[in-house]
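Listed below are the residues making up each chain.
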Amino acid sequence: MSTIYVEKLEIYTILGITEEERENKQKLIIDYWIDADISKAMMSDDIADCVNYRTVNKEILAIVQSSSYNTIERLLGILLELILSFDGVLHAKLKVAKPGALRYAKSVSVTAERSA
């Protein structure tokens, strides 16, 4: 098994429970890891044998940019379901960080992982 890692994807969306959070888009930083068997792709050099991380990323962007959840946890669950829906994905881990969510803290993040 191998891991595809996408680091520090920055996306703006509505996320939170206060009036200000519901009115103004905020930056989220997303990291995700996809575990997959890439042995066939290593031999074939064919994108059809890969987990196409460009497609995964485009889907994540589309969901996050159009979303309006109250909690990081809900968004995290939706994104994990999405990643696991791609052929070849065996396991996924995701971290969603919300910079500036707490005074004196760089960010708040939630991490979760699931297997297909």
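As shown above, the structure is provided for reference.
Residues numbered from 1 in each chain as written. Predicted model: local features only at pLDDT ≥ 70, side-chain atom pairs only at ≥ 80, totals over all residues. Heavy atoms only, no water.

1. With respect to the sheet that holds strand β5 (residues 107–115)
Spatially, the 5 strands line up as an open sheet ordered β3-β1-β2-β4-β5, and their pairing is mixed. Lying at the two open borders of the sheet, with one neighbouring strand each, are β3 (68–69) and β5. Sheet topology places strand β4 (residues 89–99) next to β5; 9 bridges connect them, and they run antiparallel. Residue pairing in the sheet places Lys-95 in a bridge with Thr-111 of β5. Contacts from helix α3 (residues 53–66) reach β1 (2–15), β2 (26–36) and β3, with the element oriented near 20 degrees to β1. (Pairing = 2+ DSSP bridges. Helix = DSSP H or I, 4+ residues; strand = E, 2+ residues; numbered from the N terminus. Contact = heavy atoms within 4.5 Å. Axes fitted to C-alpha atoms, helices over the stretch in contact; angles between N-to-C directions.)

2. Topic: the nonpolar core
Ile-30, Tyr-32, Ile-60, Ile-83 and Leu-94 are the most contacted members of the largest nonpolar core, which totals 28 residues. Going through the elements one at a time, β1, β2, α3, α4 (72–84) and β4 are the ones with two or more residues in this core. Top element by residues in this core is α4. It accounts for 8 residues. Setting aside its immediate chain neighbours within four residues, Ile-60 contacts Leu-9, Ile-11, Ile-30, Tyr-32, Leu-79, Leu-82 and Ile-83. (Core = buried A, V, L, I, M, F, W, Y, C linked by side-chain atoms within 4.5 Å. Buried < 20%, exposed > 50% of the residue type's maximum accessible area, 1.4 Å probe, protein only.)

3. With respect to the pairing of β2
Counting buried residues in β2 gives 9 out of 11 residues, a clear majority hidden from the surface. The pairing of β1 with β2 spans 10 bridges and is classified as antiparallel. Along β2, the bridge assignment pairs Thr-3 with Asp-35. Bridge count between β2 and β4: 8 bridges; the pairing is antiparallel. Within β4, the residue paired with Ile-29 across the bridge is Ala-97.

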